[in-house]
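Fold and contact review
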Amino acid sequence: MASTSDIKNGFTFRHNHDIYSVIEFQHVKPGKGAAFVRTKIKSLSTGRVLSETFPSGHKVDEVRVERHKMQYLYKDEMGYHFMNTESYEQATIQEVMIDNPGFIREGDTIEVLYNTEDSTPLTVDLPQYVEMEITYTEPGVKGDTATNTLKPATIETGTEVRVPLFVNTGDRIKIDTRSGSYVSRV
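Residues numbered from 1 in each chain as written. Predicted model: local features only at pLDDT ≥ 70, side-chain atom pairs only at ≥ 80, totals over all residues. Heavy atoms only, no water.

This part is about the pairing of strand S9 (residues 90–93). Where burial is concerned, the two faces of S9 differ: the one with Ala 91 and Ile 93 is buried and the one with Gln 90 and Thr 92 is not. Pairing analysis gives four bridges linking strand S8 (residues 79–84) to S9, with the strands arranged antiparallel. Its bridge partner being in S9, Phe 82 is matched across the sheet by Ala 91. (Buried < 20%, exposed > 50% of the residue type's maximum accessible area, 1.4 Å probe, protein only. Helix = DSSP H or I, 4+ residues; strand = E, 2+ residues; numbered from the N terminus. Pairing = 2+ DSSP bridges.)

Structure (structure tokens):
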């Protein structure tokens, strides 16, 4: 058991029959009354984000987790297949456990969060930015750089992203995997 004083970003614990990870936390000491910890937590099974407040000194059941570097192999009807780069063990992970699976290419190395108690994968952490090649977009017209207008473009994984008008087919772009938005040309 851990106390609320142990809560920090990335801390994982069991709460209401689910495993949560802390995204944000703030220790609040009001002028009147007892101190408390205001948190924003993410369910590792459903991906839902909740705001939760714990009184100071409240006990929570800590869950020990490990991060493993894994290589993405392929996708089939069972899910996404990954291989541990150290032990060469393979694991199948369901699509709901991956935020934005359209940004993973075969051969990419990513981090998978594992519950150490029963060795089950909890969530897949994509890198913050990925570089992809555009396979199709409408051609840009000279002089289209003055406005912030965006157009649809298909990247090499088949996912569609919105890009500025001056980006063309064959260009490599940098994409933010959290929001799926265009960052820059590479």
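Text resumes after the structure shown.
Turning our eyes to something else, we now look at the pattern of salt bridges. For the coordinates displayed, the defined rule picks out 12 salt bridges. Here Asp 61 ties to Arg 14 by a salt bridge, and the two come within 3.7 Å at their closest N and O atoms. Of this pair, Asp 61 sits in strand S6 (residues 59–62) while Arg 14 sits in strand S2 (residues 12–15), placing them 47 residues apart in sequence. For Arg 105, the salt bridge identified is with Asp 108, shortest N-O distance 3.6 Å. What you see here is one network of salt bridges that share partners, running through Arg 105, Asp 108, Glu 133, Glu 156 and Arg 172. (Salt bridge = Lys/Arg side-chain N within 4 Å of Asp/Glu carboxyl O.)

Strand order in this open sheet of six strands is S1-S6-S2-S3-S4-S5, and the pairing throughout is antiparallel. This sheet does not close on itself; its edge strands, each paired only once, are strand S1 (2–3) and strand S5 (49–55). Bridge analysis of strand S3 (residues 18–28) against strand S4 (residues 36–43) gives eight bridges, and the strand direction is antiparallel. Residue pairing in the sheet places Val 22 in a bridge with Ile 41 of S4.

Moving on, we get to the sheet that holds S8. Sheets are built from strands paired through backbone hydrogen bonds, the pairs being either parallel or antiparallel. Taken together, the five strands give an open sheet; going across it, the order is S9-S8-S7-S10-S11, and neighbouring strands pair in antiparallel fashion. Because the sheet does not close on itself, it has two edges, and the strands there are S9 and strand S11 (120–125). Pairwise comparison of adjacent strand axes, ignoring direction, gives a mean angle of 45° for this sheet. (Axes fitted to C-alpha atoms, helices over the stretch in contact; angles between N-to-C directions.)

In the numbering used here, UniProt assigns the "domain: Translation elongation factor P/YeiP central" (unreviewed entry) feature to residues 67–122. Across residues 67–122, the secondary structure splits into 0% helix and 54% strand, with the terminal C-alpha atoms separated by 10 Å. (UniProt positions renumbered as here; feature names shortened; annotations may be inferred.)

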